[in-house]
Amino acid sequence: MKYEGSIYRPPSEADSLILQVTIGCSHNKCTFCGSYKDKKFRVKSFQEIKEDVEEAKAYARYIKKVFIADGDALIIPQKRLVPIVQMIRDAFPKLERIGVYGNTKSILKKSLEDLKELKRLGVGIIYLGVESGDQVTLDRVCKGTTLDKTAEAAKKVKEAGILLSVTVLLGLGGVERGAIHAAETGKFLSRIDPDYAGALSVIIVPGTILADEVKKGTFKVPDPYQLLEELAIMISNTNVTHTYFASNHASNYLPVKAWLPEDKEKTLRAIKHVLDQRDPSLLRPEFMRAL
Ligand code: SF4
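Because the structure is a prediction, the values reported are computed rather than measured.

A. Representation of the nonpolar core. Phe92 and Phe245 are the most contacted members of the largest nonpolar core, which has 70 residues in total. Once residues lying within four places of it in the same chain are set aside, the contact partners of Phe245 are Leu189, Ala197, Ala199, Leu231, Met234, Ile235, Val256, Lys257, Ala258 and Leu260. Core analysis: the second largest hydrophobic core is formed by ten residues, Cys30, Leu169, Leu172 and Leu200 among them.

B. Seen up close, the side chain of Ser251. Within the fold, Ser251 resides in the loop between strand S9 (243-246) and strand S10 (257-260). Judged by relative accessible area, which is 0%, Ser251 ranks as buried. Polar side-chain contacts of Ser251 include one of 2.9 Å to the backbone nitrogen of Ser201.

C. Just the side chain of Thr238, in detail. Mapped onto the elements of the fold, Thr238 is located in the loop between helix H9 (224-236) and S9. Given the relative accessible area of 5%, Thr238 is considered buried. A polar side-chain atom of Thr238 sits 2.6 Å from the main-chain carbonyl oxygen of Ile235. Residues in contact with Thr238, not counting those within four places in the same chain, are Gly186, Leu189, Ser190, Leu260 and Lys264.

The rules behind these values
Residues numbered from 1 in each chain as written. Predicted model: local features only at pLDDT ≥ 70, side-chain atom pairs only at ≥ 80, totals over all residues. Heavy atoms only, no water. Core = buried A, V, L, I, M, F, W, Y, C linked by side-chain atoms within 4.5 Å. Buried < 20%, exposed > 50% of the residue type's maximum accessible area, 1.4 Å probe, protein only. Contact = heavy atoms within 4.5 Å. Helix = DSSP H or I, 4+ residues; strand = E, 2+ residues; numbered from the N terminus. Polar contact = N/O pair within 3.5 Å; in protein donor to acceptor, adjacent residues only side chain to side chain.

Shown next, in the form of structure tokens:
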């Protein structure tokens, strides 16, 4: 497989074949994100993708899940994307699901019929980086979208029958805006009602604009207990139908896995216990945190 640069995938795609069909992220402007800074965005040619698929068939013919990378492969125009997805489906006879990252813009560029067509071809889950339900925070980190547009994109994915998995980022509002960011994010999760929601914690990546802001003192990173307070505020502000909420990503200090709303009170009690104890041994050690 001819992977270019670092490859990222959601934790739930750990046992998937990763097939890189785009290089980088078409937005690539979020101030906290260093994932694709070294890559200039492009869509791989059909021939390049075909060569990777042919190679993968030799050792992963019976793979059940494929994740198509990089940043937002969904941005590929439908006419080019359909033959790629079709080729993946034909190559792996046991395939059960194709997953893909999609940002608000790339989802909204697809019609509902486009998304339904992708669903029929095997795209079963779209991962959308929501980051925050607070528009001020989103604007500060140059997310390049609005909450209304993201809600519209989320609705479209669900209407197409595709699973919606979103990520939000604890600490993204800094110390100053932490409580607002957390409360608004909880409310926004309720508004879009995703199938899965994953909370990550902000990690300052060298070379990013956010790292410069930290150096200048214009952004203060919340400490582990402030991040846990945000987690509690976020969860307490959710009013979802049936969402699997997890903060078990390696960036977090405390792993939480909960079905909401069923496990809401139990989860809040567990977070409160850790906040009351202030015992560092209950937290993931700093050296084990990663993105
Ligand atoms: S957070 Fe997502 S949309 Fe923003 S630059 Fe990184 S990959 Fe692109």
